[in-house]
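Residue-level structural notes
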Amino acid sequence: KLASVARPFQTAMLAVGTVLAAATTWGDIFYVSPTGTNTAAFTRTDPGDLRTAINTKTSSTRTSWDNGDVVCLLPGTYDFSEWSSAGDLLTCNKPYLTVRSDDGKPETCVILGRGDDVRISEDGLTTNTPPLLRAFYLTKNTRIIGLTVTHFYCQDNGAAVCGYTKTPYELRDCVFGGNRTTG
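Residues numbered from 1 in each chain as written. Predicted model: local features only at pLDDT ≥ 70, side-chain atom pairs only at ≥ 80, totals over all residues. Heavy atoms only, no water.

What follows is about the overall build of the protein. Counting secondary structure elements, the protein contains two helices and 16 strands. Counting only residues that meet the buried cut, the protein has 38% of its 183 residues in that class. By sequence separation, contacts in the protein at least 24 residues apart represent 73% of the contacts at least 6 residues apart. (Helix = DSSP H or I, 4+ residues; strand = E, 2+ residues; numbered from the N terminus. Buried < 20%, exposed > 50% of the residue type's maximum accessible area, 1.4 Å probe, protein only. Contact = heavy atoms within 4.5 Å.)

Here is the structure:
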């Protein structure tokens, strides 16, 4: 008797599950590594580079955290210490974007900036003042999870992360240290 009562319930739950699965659109996962390139497949076995993943690969049509894209950083140091341009290194302008370390451990995934040290040439004739460089500029809903962001130098509004006015963002399990603003 119990089996005959359970059968219609199981069939109804299967139908509901099928409808829910069909209505859900999951975002893409883009894998990156410190040695990745912009021509990679952005998979775990062929990871791409961080800037390309955030700036061009992610979608601008996501509508919730449930279908947002993920940029997954494989362990290592993402070294931007020789970067010579001023501005924002990573502009997150795609809605519901998650930028996270693969293993969730900030100590294994470091984004390294140039810092604020003035470099003088060996002959003492050239002074190289560091460019003002912010790590993350968030213009849409963004989550940053499990990263260490260090040695960034910016004029104002946050050297490591700056969120655009009224833009919700989440920073979780991250380490921010050694960053400096001039303002």
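What follows concerns a nonpolar patch on the surface. Together, Tyr169, Leu171 and Phe176 make up an exposed nonpolar region whose accessible area comes to about 260 Å². The topology assignment puts Phe176 in strand S15 (residues 175-177). The partly exposed category is assigned to Phe176, whose relative accessible area is 35%. (Patch = residues over 30% accessible without salt bridge, like charges linked within 9 Å, V, L, I, M, F, W, Y side chains within 5 Å. Areas by Shrake-Rupley, 256 points an atom, 1.4 Å probe, with all protein chains shown as cover. Salt bridge = Lys/Arg side-chain N within 4 Å of Asp/Glu carboxyl O.)

Below, the discussion takes up the sheet that holds strand S11 (residues 148-150). Strand order in the open sheet formed by four strands is S3-S6-S11-S15, and the pairing between neighbours is parallel. In this open sheet, the two edge strands, each paired with only one partner strand, are strand S3 (76-79) and S15. Geometrically, the sheet is characterised by an average inter-axis angle of 15 degrees between neighbouring strands, direction not taken into account. Bridge analysis of S3 against strand S6 (residues 109-112) gives four bridges, and the strand direction is parallel. For Tyr78, the partnering residue across the bridge sits in S6 and is Ile111. (Pairing = 2+ DSSP bridges. Axes fitted to C-alpha atoms, helices over the stretch in contact; angles between N-to-C directions.)

The parallel open sheet is built from five strands, whose spatial order is S1-S2-S5-S10-S14. Strand pairing shows two members of the sheet lacking a second neighbour, strand S1 (29-37) and strand S14 (169-172), which therefore form its edges. Neighbour to neighbour, the strand axes of the sheet diverge by 15 degrees on average, direction disregarded. Sheet analysis places S1 next to strand S2 (residues 70-73), joined by four bridges and oriented parallel. Looking at S2, one finds that Phe30 is bridged to Val71.

Burial along S2 is two-sided: the face carrying Val70 and Cys72 and the face carrying Val71 and Leu73 are both buried. Running through helix H2 (residues 50-57), the crossover from S1 to the neighbouring parallel element S2 is right-handed. When S2 meets strand S5 (residues 97-101), the two strands line up parallel, connected through four bridges. Pairing of Cys72 across the sheet is with Arg100, part of S5. (Right-handed = clockwise from strand over helix to strand, strands pointing away.)

Turning to the pattern of salt bridges, a few remarks are in order. Where charged atoms from two side chains of opposite charge come close, those side chains can pair. Scanning the entire structure with this criterion turns up four salt bridges. Here Glu170 makes a salt bridge to Arg172, at a shortest N to O gap of 2.7 Å. Note on Glu170: relative accessible area 29%, which makes it partly exposed. Salt bridges here are not isolated pairs; linked through shared partners, they connect Asp28, Arg62 and Asp69.

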